[in-house]
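# Structural characterization, general
Here's the letter readout for the chains.
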Amino acid sequence: MASVAAAEGAAAALRSVLSRAQQAAARAGRAPGSVRVVAVSKTKPVPVIRGVYDAGHRCFGENYVQELIDKAPQLPEDIEWHFIGNLQSNKAKALLAGVPNLDMVESVDDEKIANRLDRLVADLGRKPLKVLVQVNTSGEESKFGVDPSGCVELAKHVKLNCPNLVFSGLMTIGMLDYSSTPENFKTLSNCRKEVCKELSIPEEQCELSMGMSADFEQAIEMGSTNVRVGSTIFGAREYPKKN
């Protein structure tokens, strides 16, 4: 019964988040469908995720390779999974082979992982994989991501040298407590301008993945097209207790 209640609560919370996202887009003068909400289901059990799926949602995100590999086969195949955590090269094959409906890797932060994903997509015979370049906009050593000064070169590498990847935009994680500041969002927006100019692509074709539970409305108002919302939908994370 607890999981049923949790699933119903998450479905109701999702509806609220989608409404708030739409209102934020409207305040910024953007179309209702211009923002994708990624429901981040890290540490949450399959029945609760299923409750959000049954409410009509199809886009979910996970941070850990093994957790996603375990969950994906237990859930419908039309889910669009986003991998949003740091991806180590030695785990990339397991991720791509174990999750056929992986839609996007949001966390490509150097050429090595881009090249690895590119080769694996070809080897596994998968359709081209959408990727975002992760930018460390806060300058914190604890954060992954390319320095803003290097984001153009990395985006260019993905676009020009990785035929099995689809460069789809840029992603950032905000300040240490996951509540961001406008400076982080502004930095990513500026990175997009530079990348689009260098690659000669329109800005509307370059996604911005920024904003999480604490700040997704502000992020949308500052141009985010992709917000990653976890605890506001699913409740607090449930990490296993350490002995």
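Cut-offs and rules
- Residues numbered from 1 in each chain as written.
- Predicted model: local features only at pLDDT ≥ 70, side-chain atom pairs only at ≥ 80, totals over all residues.
- Heavy atoms only, no water.
- UniProt positions renumbered as here; feature names shortened; annotations may be inferred.
- Helix = DSSP H or I, 4+ residues; strand = E, 2+ residues; numbered from the N terminus.
- Polar contact = N/O pair within 3.5 Å; in protein donor to acceptor, adjacent residues only side chain to side chain.
- Contact = heavy atoms within 4.5 Å.
- Expected span 1.5 Å × (residues − 1).
- Buried < 20%, exposed > 50% of the residue type's maximum accessible area, 1.4 Å probe, protein only.
- Phe/Tyr/Trp six-rings, centres within 6.5 Å; stacked < 30°, edge-to-face > 60°.
- Lys NZ or Arg CZ within 6 Å of the ring centre and 35° of its normal.
- Salt bridge = Lys/Arg side-chain N within 4 Å of Asp/Glu carboxyl O.
- Core = buried A, V, L, I, M, F, W, Y, C linked by side-chain atoms within 4.5 Å.
- Disulfide = S-S within 2.5 Å.
- Axes fitted to C-alpha atoms, helices over the stretch in contact; angles between N-to-C directions.
- Parallel < 35°, antiparallel > 145°, perpendicular 65-115°, else oblique.
- Left-handed = near helix turned anticlockwise from the far one by under 90°.
- Nonpolar A, V, L, I, M, F, W, Y, C, P; charged D, E, K, R; others polar.

The positions UniProt marks with the feature "modified residue: N6-(pyridoxal phosphate)lysine" (unreviewed entry) are Lys-42. Looking at where Lys-42 falls in the secondary structure, it is placed in the loop between β1 (36-40) and α2 (46-54).

Following the sequence through the fold, Ser-224 ends up in the loop between α8 (216-221) and β8 (226-229). Polar side-chain contacts of Ser-224 include one of 2.7 Å to the backbone oxygen of Met-210. Residue contacts for Ser-224: discarding those within four places in its chain leaves Arg-30, Val-35, Leu-208, Ser-209, Met-210 and Ala-219.

Turning to helix α5 (residues 111-124), a few remarks are in order. End to end, α5 covers 20 Å across 14 residues, agreeing with the expected 20 Å (1.5 Å per residue, within 8%). Among the residues of α5, Ile-113, Ala-114, Leu-117, Asp-118, Leu-120 and Val-121 are the ones counted as buried. Taking the backbone nitrogen of Lys-112 as reference, a side-chain oxygen 3.2 Å away marks Asp-110 as the first, capping residue of α5. Positioned one or two residues after α5, Gly-125 has a phi angle of 70 degrees, which is positive.

Right, let's get into the packing of aromatic side chains. Counted by the stated rule, this structure contains 1 aromatic pair. When the centroid spacing of 5.9 Å and the interplanar angle of 50 degrees are considered together, the rings of Phe-60 and Trp-81 count as tilted. On the criterion of sequence distance, the pair formed by Phe-60 in strand β2 (residues 59-62) and Trp-81 in strand β3 (residues 80-83) is long-range, its members being 21 residues apart. Phe-60 sits in the buried class, given a relative accessible area of 0%. Just above the ring of Tyr-53 sits the side chain of Arg-58; from NZ or CZ to the centre is 3.6 Å.

Considering all chains together, one arrives at 11 salt bridges under this definition. Between Glu-221 and Arg-27 there is a salt bridge; the shortest N-O distance is 2.8 Å. One end of the pair, Glu-221, is in helix α8; the other, Arg-27, is in helix α1 (residues 2-27), and 194 residues separate them in sequence. On the accessibility criterion, Glu-221 (41% relative accessible area) is partly exposed. With a closest N to O distance of 2.9 Å, Arg-36 and Glu-207 form a salt bridge. Remark: Glu-207 occurs in strand β7 (residues 207-209) and Arg-36 occurs in strand β1; sequence separation between them is 171 residues. For Arg-36, a relative accessible area of 23% puts it in the partly exposed group. The class for Glu-207 is buried, based on a relative accessible area of 17%. Members of the salt-bridge network, linked through shared partners, are Glu-62, Glu-67 and Lys-71.

Here we come to the side chain of Gln-134. Mapped onto the fold, Gln-134 is located in strand β5 (residues 129-134). By relative accessible area, Gln-134 is classed as buried at 4%. Within polar-contact distance, the side chain of Gln-134 engages the backbone oxygen of Phe-144 at 3.3 Å. Excluding its chain neighbours within four sequence positions, the residues that come into contact with Gln-134 are Glu-106, Ser-107, Val-108, Asp-109, Phe-144, Gly-145, Val-146, Met-171 and Ile-173.

The next subject is the nonpolar core. Of all hydrophobic cores here, the largest spans 67 residues; its most connected members are Leu-95, Leu-102, Val-105, Leu-117, Phe-167, Leu-170 and Ile-233. Leaving out residues up to four positions away in the same chain, Leu-117 has contacts with Leu-87, Ala-92, Leu-96, Val-105, Val-108, Leu-129, Val-131 and Leu-165. Ranked by size, the runner-up nonpolar core spans 5 residues in total, among them Met-104, Leu-132, Ile-173 and Met-212.

What follows concerns the state of the cysteines. What the rule picks out here adds up to 0 disulfides. Free cysteine Cys-59: the closest other cysteine sulfur is in Cys-206, separated by 17 Å. Here Cys-196 is not cross-linked by a disulfide; its sulfur's nearest cysteine counterpart is in Cys-206, at 4.1 Å.

In this fold, Ala-92 is placed in helix α4 (residues 89-98). On the accessibility criterion, Ala-92 (0% relative accessible area) is buried. With 24 residues separating them in the primary sequence, Ala-92 and Arg-116 have C-alpha atoms 7.5 Å apart.

Relative orientation of the contacting elements α5 and helix α6 (residues 151-161) amounts to 20 degrees, with a least axis distance of 10 Å. Taken together, the axes of α5 and α6 are roughly parallel relative to one another. As for the relative orientation of α5 and α6, their crossing is right-handed in sense. Between α5, through Glu-111, Ala-114, Asn-115 and Asp-118, and α6, the contact on the second element is made entirely by Leu-154, His-157, Val-158 and Asn-161. Here the residues of the contact of α5 with α6 sort into 3 nonpolar, 3 polar and 2 charged.

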